[in-house]
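Spelled out, the chains give:
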Amino acid sequence: GGGGGGGGAEACCDDDAGREEAELEAKAEEEAKADWPKTLGQAKQHPVYVLRRHLRRNQCLVAAPTFLGKFVGGEPLFLRREVQDLRSAKGWDRVGRKVVEGEAGRPRVPEEADAGRGGEASSGPAKAKPALYSEDQTEAWRCEEVPSRSVLCPPLVQKLPDGLVHLPDATPKVMLALKAEGVVGEFALAVVGFARRGGRSVPEHRGVVCRQRDARQARHAHLELEFKLAEEARRKRLRQAAAGWRRVLGLLVKRRELRGRYLDGEKAKAGEGGAACRETPAMTMATAEVEEL
């Protein structure tokens, strides 16, 4: 009874702490909303409001942003929560989303505006840049086939597209053997990071990415093949150990033969003659051979 009462008291304290933290956050947000920025510098760092000029190249406002009726330097203020991040079609693919067919790319930040914020305007001919899209122009998609030889995996992306599975413990060598046997279909190397080597960025691989319908069979077959390889390695070690013991036994037999041929024979002859056993050159040679064994 006492333990249950203690647990209830702890839960009550946690609820109170959570409620108090939420109240403090709400109060801080209200204070930030009431504190309208008066200068461009204040607007750039403000947690609630933003100017269009302060959007990054891969950002835009929602299609119909809220008009607040407030201006800084003659420019209207907008809510920062209505800022959207933009990605290219390939960028959305990496987080498991696909651009809806027929959607047009969002307008980019003009080069002049970017130069006015401290960047450098392009002096040469403009290069074609991929179109950028906001999340509301995309939809979750299911990938039925592995798209390439290597696929970015978390933490480089938020999630894999539906239909793909990351097998971190699978090895490409084993997967190639399974593919040759027809157990699994196409697969790709899983890229989980990048490292600097020789002055350039090199992908770091861990496991493979395969189709979801192949994942269960791939895991099972992969474990069976790994067990088979481990069993073959164990048998090889046993064969090597047995060969080593056979060599040791052979050396012991050889040692016994040499002892019987030289040491014991010489001692017997010396005993028959009634003289003291003296070490002969043959005995010295036999002793040396036995010691070497």
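Please refer to the structure higher up on the page.
This structure is a prediction, so every number in the text was calculated from the model and none was measured.

Conventions we followed
- Residues numbered from 1 in each chain as written.
- Predicted model: local features only at pLDDT ≥ 70, side-chain atom pairs only at ≥ 80, totals over all residues.
- Heavy atoms only, no water.
- Core = buried A, V, L, I, M, F, W, Y, C linked by side-chain atoms within 4.5 Å.
- Buried < 20%, exposed > 50% of the residue type's maximum accessible area, 1.4 Å probe, protein only.
- Helix = DSSP H or I, 4+ residues; strand = E, 2+ residues; numbered from the N terminus.
- Contact = heavy atoms within 4.5 Å.
- Salt bridge = Lys/Arg side-chain N within 4 Å of Asp/Glu carboxyl O.
- Phe/Tyr/Trp six-rings, centres within 6.5 Å; stacked < 30°, edge-to-face > 60°.
- Lys NZ or Arg CZ within 6 Å of the ring centre and 35° of its normal.
- Pairing = 2+ DSSP bridges.
- Axes fitted to C-alpha atoms, helices over the stretch in contact; angles between N-to-C directions.
- Polar contact = N/O pair within 3.5 Å; in protein donor to acceptor, adjacent residues only side chain to side chain.

Novice: Can you help me understand the nonpolar core in this one?
Specialist: Soluble, globular proteins show a tendency: their nonpolar side chains are buried together. Among the nonpolar cores identified, the biggest contains 15 residues, and Leu-167, Met-175, Leu-178, Val-184 and Val-208 are the most heavily contacted of them. Looking at this core, the elements with two or more residues in it are β9 (164-167), α5 (172-180), β11 (200-211) and α6 (212-273). Of all the elements, α6 adds the most residues to this core, at 4 residues. For Val-184, the residues in contact, after removing those within four places along its chain, are Met-175, Leu-178, Lys-179, Asp-214 and Ala-218. Counting 10 residues, the second largest nonpolar core, distinct from the first, contains Cys-143, Val-146, Cys-153 and Leu-160.

Novice: Honestly, the pattern of salt bridges in this entry has me stumped. Any pointers?
Specialist: Should the charged atoms of two oppositely charged side chains come close, the side chains can pair. Going through the model one piece at a time under the given rule, you end up with 6 salt bridges. One salt bridge in this structure joins Arg-211 and Asp-214, with 2.8 Å as the shortest N-O distance. An identical accessibility class is assigned to Arg-211 and Asp-214; each is buried. Taken together, the shared-partner salt bridges connect Glu-231, Arg-234 and Arg-235 into one network.

Novice: Looking at this structure, I do not really get the packing of aromatic side chains. What am I missing?
Specialist: In this description, a pair of aromatic rings is defined by centroid distance and the angle of the planes. One pass over the structure, following the stated rule, counts 2 aromatic pairs. Seen in terms of ring centroids, Trp-36 and Tyr-49 are 4.5 Å apart; in terms of plane orientation they differ by 10°. Their pairing is stacked. Taken together, the residues span a long stretch of sequence, with Trp-36 in the loop between α1 (2-34) and α2 (40-45) and Tyr-49 in strand β1 (residues 49-51) at a distance of 13 residues. Look at Trp-36 and you get partly exposed, because its relative accessible area is 23%. Ring centres 6.1 Å apart and planes at 65° place the aromatic pair Phe-67 and Phe-71 in the edge-to-face group. Accessibility expressed as a relative area gives 58% for Phe-67, which makes it exposed. Lying over the aromatic face of Trp-92, Arg-87 brings its terminal NZ or CZ to 5.2 Å of the ring centre.

Novice: In this structure, what is going on with the environment of Glu-144? I would like to understand it.
Specialist: Looking at the element boundaries, Glu-144 is found in the loop between β7 (138-140) and β8 (150-152). A relative accessible area of 41% means that Glu-144 is categorised as partly exposed. Taking the C-alpha atoms as reference points, Glu-144 and Arg-211, separated by 67 residues in sequence, lie 6.9 Å from one another. Among all residues touching Glu-144, those that are not within four sequence positions of it are Arg-211 and Arg-213.

Novice: Just to check I follow, could you spell out the sheet that holds β9 for this structure?
Specialist: Either a parallel or an antiparallel arrangement is found when strands of a sheet pair, and the pairing is made through backbone hydrogen bonds. Read across the open sheet, the 4 strands follow the order β8-β10-β11-β9; overall the sheet is mixed. The outermost strands of the open sheet, each flanked by one partner alone, are β8 and β9. Neighbouring strand axes in the sheet, compared pairwise and without regard to direction, differ in orientation by 50° on average. Where β9 meets β11, 4 bridges bridge the pair, whose relative direction is antiparallel. Opposite Leu-164, over in β11, you have Arg-211 as the bridge partner. On top of the sheet, α5 reaches β10 (187-197) and β11; it is set at about 160° to β10, its chief contact.

Novice: Can you walk me through the side chain of His-46 in this structure?
Specialist: Counting through the fold element by element, His-46 comes out in the loop between α2 and β1. What makes His-46 buried here is its relative accessible area of 7%. A polar contact of 3.3 Å, which involves the side chain of His-46, links it to the backbone nitrogen of Tyr-49.

Novice: Please explain the environment of Asp-35 as it appears in this structure.
Specialist: The topology assignment puts Asp-35 in the loop between α1 and α2. Owing to a relative accessible area of 48%, Asp-35 belongs among the partly exposed residues under this scheme. In this structure the C-alpha to C-alpha distance between Asp-35 and His-46, which are 11 residues apart in sequence, comes to 9.1 Å.

Novice: Would you explain the pairing of β11 in this entry?
Specialist: Consecutive residues of a regular strand have side chains that alternate between opposite faces of the sheet. Judged from the 9 bridges that link them, β10 and β11 form a sheet pairing that is antiparallel. Across the sheet, residue Phe-187 finds its bridge partner in β11, namely Cys-210. What sits between the antiparallel neighbours β10 and β11 is a turn of 2 residues, in which Gly-198 has the positive phi angle 65°.

Novice: Help me out: how do you make sense of the sheet that holds strand β4 (residues 75-79) in this one?
Specialist: Pairing is antiparallel across the open sheet formed by 3 strands, whose spatial order is β1-β4-β3. With one partner strand each, in any of the chains shown, β1 and β3 (71-72) form the two edges of the open sheet. Taken together, the 3 bridges between β1 and β4 define a ladder with antiparallel strand orientation. Bridging from a neighbouring strand, Val-50 pairs with Phe-78 of β4.

Everything listed is a geometric property; what it means functionally is a separate question.
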